[in-house]
Amino acid sequence: EYKSYLSIMVYTPKPSCTPEEMRHDLRRYYSMEVEHEKELGSYDDVMYRVTLSGGTTVIAKYYNIRMAATQDLTCIVRTLLTLESYNVPKPIPNSSLELITPIESDKYQDGCKVKCNLVLFEYMKGDMLAQTKLPCSFWFKLGRTIAEISRDLGKVDTRGFTRMHSWAPESVENTIISCKECFPALGIPPSLEDILEKHRKIMADLAPYPKQFIHSDINEYNIIITPPAEGSVAPSNITTPRNTSDYDPDFGIIDFNDLTLTHRVFEVAHAMGYILSSQAFDYQVLYHFYRGYSSIIQLEKTEFDVIFDIILVRFVMSCVIGTKTITLDPSNVYTKKCVQENLVSLQRLFKDGRYTFYNKIYQDRT
């Protein structure tokens, strides 16, 4: 069953890397000495926050990349370089001036031949959005910036990118089917076939539209808020985004692991779903976020009309794939937390329904 699951989902096991091995790799490939490290929670890679002997902090990220898909990691790093005007992770070259460091031995894990690669990034100091309360002015700015990044990702050369990971929209049906035994526990009215049919209709409706790169996973853990300058005070009772001069915190977007070649609307839809989930379904926040987004990108009616169903299917997929992953790896605390949060959000989305969702956003389209 496990191997079948791996083959259908193109699942790549997490790398195996101890703190001692990480210290050795940074010394050997980067000529860096580690003073202190902390392993960070992650879904399918291994990540350390590392304090070097000189006091600098970096992020060491180990990727298990299938042999045929190593070029896709190269494409991800290259894409990050094209976004250097934004606050996104900056790769650090090794002693040979390469941005991707292959770790010497190829490994076989769970019957899959994988290559472990190390990428070092500059550390982005700040708090995760999940731990921060911010005024509506911020959400407008976030929506606008995500639209600007989406616009610029639409200009990136996608040739040579072959990755079709289990979270990609084009993989959704196979992913959900591979975890179908987890579906009944979700406790939602539609049948599994109803959910799959919704997804098929989404893809059919979007078929005439071009594809581009999207981040694909802009959630509250992948948005880093820079602490406000000393002495600055966030304004209270903000109801419109015009007060950004009073409190306009900087932020960055991290974790481009799930870079995906698909339709642009999936970017904003996924982000909207995560925002609703992290902000206890505060539609006022969502309204300002979408207002900021649409100040840069005006979606076509067809694109706008599928947003609700995209969010719905995304929550279903997150719950079933997470539940399946936990059965295979009960020690994955990060995934357990995500499943619990996504299940609550999925059930709330069904309770509110399509009319409530669009009525809140349509305020800006009158």
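The following refers to the structure shown. (Residues numbered from 1 in each chain as written. Predicted model: local features only at pLDDT ≥ 70, side-chain atom pairs only at ≥ 80, totals over all residues. Heavy atoms only, no water.)

With that out of the way, let us pick up the pairing of strand E2 (residues 46–52). Most of E2 sits inside the fold, with five of its seven residues counted as buried. As paired strands, strand E1 (residues 34–40) and E2 are joined by six bridges and run antiparallel to one another. Residue pairing for E2: Leu40 is matched across the bridge by Met47. Taking the residues that link successive antiparallel strands as the turn, the E1-E2 hairpin has five residues. (Buried < 20%, exposed > 50% of the residue type's maximum accessible area, 1.4 Å probe, protein only. Helix = DSSP H or I, 4+ residues; strand = E, 2+ residues; numbered from the N terminus. Pairing = 2+ DSSP bridges.)

Using the criterion set out here, one finds nine aromatic pairs in the structure. For the ring pair Phe281 and Tyr283, a centre distance of 6.1 Å and an interplane angle of 80° mean the geometry is edge-to-face. Judged by its relative accessible area of 7%, Phe281 is buried. Taking relative accessible area as the criterion, Tyr283 reaches 8% and is therefore assigned buried. An aromatic cluster is present here, built from Tyr290, Tyr293, Phe304, Phe308, Phe357 and Tyr358 joined pairwise through their rings. (Phe/Tyr/Trp six-rings, centres within 6.5 Å; stacked < 30°, edge-to-face > 60°.)

Moving on, we come to the packing of helix H7 (residues 265–278) against helix H11 (residues 333–361). It is the contact of H7 with H11, at a shortest axis distance of 10 Å, that shows an interaxial angle of 110°. By the angle class used here, H7 and H11 are roughly perpendicular. For H7 against H11, the interelement crossing comes out right-handed. Contacts between H7 and H11 involve Met272, Leu276 and Ser277 on the former and, on the latter, Glu341, Ser345, Leu349, Phe357 and Ile361. (Axes fitted to C-alpha atoms, helices over the stretch in contact; angles between N-to-C directions. Parallel < 35°, antiparallel > 145°, perpendicular 65-115°, else oblique. Left-handed = near helix turned anticlockwise from the far one by under 90°. Contact = heavy atoms within 4.5 Å.)

The terminal C-alpha atoms of helix H6 (residues 192–206) lie 22 Å apart, and with 15 residues this matches the ideal 21 Å at 1.5 Å per residue to within 8%. Within H6, the full set of buried residues consists of Leu192, Ile195, Leu196, His199, Ile202, Met203 and Leu206. For H6, the buried positions fall inside an angular range of 115° around the axis, keeping them on one side. Buried positions along H6 lie against helix H5 (172–178), H7, helix H9 (301–305) and helix H10 (307–328). (Expected span 1.5 Å × (residues − 1). Arc of directions from axis to C-beta.)

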